[in-house]
Amino acid sequence: MSRPQVVVYPSPALLAAATAARLITRLVDVQAATGSASLVLTGGGTGISVLEQLRATPARDAVDWSNVDLYWGDERFLPSGHPDRNETQARAALLDHVPVSPDRVHAMAPSDGEFGNDPEAAAAAYAELLANAAEPEDHGPVPKFDICLLGVGEEGHTLSVFPGSPAVYEKERTVVAVRNCPKPPPTRISLTLEAARRSTEVWLMTTGENKAPAVAMALSGAGEVQLPAAGARGTHRTLWLLDKPAAAKVPNVFAPPLA
Ligand SMILES: O=C(O)[C@H](O)[C@@H](O)[C@H](O)[C@H](O)COP(=O)(O)O
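All values derive from a computational prediction rather than experimental measurement. (Residues numbered from 1 in each chain as written. Predicted model: local features only at pLDDT ≥ 70, side-chain atom pairs only at ≥ 80, totals over all residues. Heavy atoms only, no water.)

## Section: the overall build of the chain
Phase 1: When helices and strands are counted, the chain shows seven helices and nine strands.
Phase 2: Taken against the 2.2 N^0.38 rule, which gives 18 Å for 259 residues, the C-alpha radius of gyration of the chain at 17 Å falls within 12% of a compact globule.
Phase 3: Taken across its 259 residues, the chain has 54% of its residues classed as buried.
Phase 4: Looking at the chain alone, contacts between residues at least 24 apart form 77% of all its contacts between residues at least 6 apart.
Phase 5: Total accessible area computed for the chain in this model is approximately 10900 Å², and 53% of it derives from carbon and sulfur atoms. (Helix = DSSP H or I, 4+ residues; strand = E, 2+ residues; numbered from the N terminus. Rg over C-alpha atoms; globule rule 2.2 N^0.38 Å. Buried < 20%, exposed > 50% of the residue type's maximum accessible area, 1.4 Å probe, protein only. Contact = heavy atoms within 4.5 Å. Areas by Shrake-Rupley, 256 points an atom, 1.4 Å probe, with all protein chains shown as cover.)

Given below as structure tokens:
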């Protein structure tokens, strides 16, 4: 697993704009090298802001969106089209504005979909979707995602994996149902950390002084059970993209070299 790298931006707006630019460049580079790309989207304010900034930049059209497989790291288990669903927000922010291939946008099931109000069945179905999408060279139960975007909660959750929750101990399944989630809505579907760690690159993005303690703990060696975001690492790269307040307590070892 890769050692975390930290990049700090002066403001949330600049973090979102710069991360959108970073994402465009990475997607273009991966497509130039392999012909396609796979991206795991996240919910949360920072994650959606990045998608909105991406939509706003002309450079977005450098990506062959028809050749991107889009997945979600987690989803709020709500009826289709509900404004709080991560899918709803991602479509409004970006996906409805670029020429994605509908059959390559892999949303997690809504609570009024084919599995009804059964989040365990919906989670199992998404795990099967991922297993079917994995290629032999991925050597695992999920595709080797090129980039996995993640947010971070105040107490250190990421995806919908919360400290000390059953999901944080899950080592077998790749997708789980989450109930009684501390962050509303209470019922969700989430990749596990094991699944996220199969990503080539993991980008954790967060802002605000209220996130500074969790960020500092994650970067200071906290265990993933206590601090799930600490367990979110890519096989080749782990980026922490922060604004200054969120980075306020980051250990000096991550500070940029003195000029
Ligand atoms: O569905 C969700 O709520 C997200 O996936 C969740 O993990 C989010 O990314 C964090 O809670 C950070 O959210 P903010 O960026 O809004 O602080």
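## What about the site of the ligand?
Phase 1: Residues in contact with the ligand amount to 15 residues; listed here are only the nearest, Gly45, Asp74, His157, Leu159 and Lys211.
Phase 2: A distance of 2.7 Å separates an oxygen atom of the ligand from a polar backbone atom of glycine 45.
Phase 3: Between arginine 188 and the ligand, the recorded distance is 3.0 Å, taken from a side-chain N or O atom to an oxygen atom.
Phase 4: With respect to the detected pockets, the ligand is housed in the second largest pocket.
Phase 5: Listed by contribution, the elements that provide at least two residues to the shell around the ligand are α2 (45-56) and β4 (74-76).
Phase 6: Here the residues of the shell around the ligand are counted per class, giving two nonpolar, eight polar and five charged. (Near = heavy atom within 4 Å. Polar contact = N/O pair within 3.5 Å; in protein donor to acceptor, adjacent residues only side chain to side chain. 1 Å grid on protein atoms, 1.4 Å probe; cavity = no way out; pocket = protein on both sides within 12 Å on 5 of 7 lines; lining within 4 Å. Sits in = over half its atoms within 2 Å of the grid points. Nonpolar A, V, L, I, M, F, W, Y, C, P; charged D, E, K, R; others polar.)

## Some remarks on the sheet that holds strand β7 (residues 188-191)
Phase 1: Reading across the sheet, the three strands line up as β4-β7-β6 and stay open at both edges, with antiparallel pairing between neighbours. Unpaired on one side and paired on the other, β4 and β6 (175-178) mark the two borders of the sheet. Strand after strand, the sheet turns through a mean of 15 degrees between neighbouring axes, direction not considered.
Phase 2: Here helix α4 (residues 119-133) sits on the sheet and contacts β6 and β7; the angle it forms with β6, its principal contact strand, is near 160 degrees. (Pairing = 2+ DSSP bridges. Axes fitted to C-alpha atoms, helices over the stretch in contact; angles between N-to-C directions.)

In short, geometric facts, not functional conclusions.
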